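# Residue-level structure breakdown
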Amino acid sequence: MADDKGDLDEATDRILTIPNLISVIRLLLVPVFAILIATHHDVWAIVVLAVSGASDWLDGVAARRLHQVSKLGQLLDPAADRLFILVTLLGLALRDIIPWWLVVVLLAREVAVGLTLPLLARRGYGPQPVNFIGKAATLTLMYAFPLLLLGQVDGWVGTVASVVGWAFAWWGVGLYWWAGFLYLRGAARILRSTGGPDGAEGAPA
C-alpha cells in the first residue's frame, strides 16, 4: 500500500506523479465497482476489487522506488482505501452477503478516528501517518471482500471462498480497530503535548 510513501523519502508538493495517477485511477474505479455489484455483475466486481488491491500495493512501491513521495499522495492513497472499503461494505450489505453489524463496527472505527482530525487541525497538525497495523488491516479486508463475493458461487469453490473470506474479515476487523486505537492514542499524545483541545502550545510551524 502507498500509506508508507513517507517512510524513506520526504514528501514533496509534487502533484503529477505516477503514484498519484494510480491513486486517482483507483478512486475512479469506486463508482465502477458500485455499479457492478449493484447490477450483480459479480465476476467483474471481483476483478475490479483485485485491480484495486494490486494498485494499492503498486503505488506505494512506485513512490518509494521512483522517489515520488508527495503530500498529495499521502492524502489520496488512504482516501481511496477508505472510500473503496465503504462502498464495498455497503454493496455487500445491500446484497445480504455480510451483516449490517459488520458495517457498523468498521464505520464506528472511522468515526472515532475522524473525530480527532479537527482537533489535530486546530493544533496545526494534519492526519497522522498510517501505521503498519493500519496497512495490514486494509490489505486483509481487501482480500476478504472479493472472497466473500466469490463465496456466493455454488459448489465447493464458493464454500471455500466464504470460509477463507470470513477468516480474513475477522482478522481485518481486529487489525482495523487495533490500528484505530493506536491512532487515538497518538492523537491524545499530540493534544496533551500541545496544551489540550483548546491550547495552542507547541503547534508546528
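To start, this report covers the structure provided alongside it.

What counts, and at which threshold
Residues numbered from 1 in each chain as written. Predicted model: local features only at pLDDT ≥ 70, side-chain atom pairs only at ≥ 80, totals over all residues. Heavy atoms only, no water. Helix = DSSP H or I, 4+ residues; strand = E, 2+ residues; numbered from the N terminus. Buried < 20%, exposed > 50% of the residue type's maximum accessible area, 1.4 Å probe, protein only. Contact = heavy atoms within 4.5 Å. Areas by Shrake-Rupley, 256 points an atom, 1.4 Å probe, with all protein chains shown as cover. 1 Å grid on protein atoms, 1.4 Å probe; cavity = no way out; pocket = protein on both sides within 12 Å on 5 of 7 lines; lining within 4 Å. Points joined across faces, edges and corners; volume = space filled by probe spheres on them. Nonpolar A, V, L, I, M, F, W, Y, C, P; charged D, E, K, R; others polar. Axes fitted to C-alpha atoms, helices over the stretch in contact; angles between N-to-C directions. Parallel < 35°, antiparallel > 145°, perpendicular 65-115°, else oblique. Left-handed = near helix turned anticlockwise from the far one by under 90°.

## Observations concerning the overall build of the protein chain
A tally of helices and strands in the protein chain yields 7 helices and 0 strands. Looking at the 205 residues of the protein chain, the share that counts as buried comes to 44%. The contacts in the protein chain between residues at least 6 apart in sequence include a share of 80% that link residues at least 24 apart. A total of about 10,800 Å² of accessible surface is found on the protein chain, and carbon and sulfur atoms cover 72% of it.

## Structural notes on empty space enclosed by the protein
Applying the stated criterion across every chain yields a total of 2 cavities of 30 Å³ or more. Considering the residues around the second largest cavity, the lining is formed by Arg26, Ser52, Asp56, Asp81, Phe84, Thr138 and Met142. When residues of the lining of the second largest cavity are traced back to their parent elements, those giving at least two are helix H2 (42-65), helix H3 (71-94) and helix H6 (132-150). Here the residues of the lining of the second largest cavity sort into 2 nonpolar, 2 polar and 3 charged.

## Things to note about the packing of H6 against helix H7 (residues 156-193)
Relative to each other, H6 and H7 sit at 155°, their axes nearing to 7 Å. Here H7 runs roughly antiparallel to H6, going by the angle between their axes. Judged by the sense of rotation from one axis to the other, the crossing of H6 with H7 is left-handed. Of the residues that constitute the contact of H6 with H7, the class distribution is 23 nonpolar, 7 polar and no charged.

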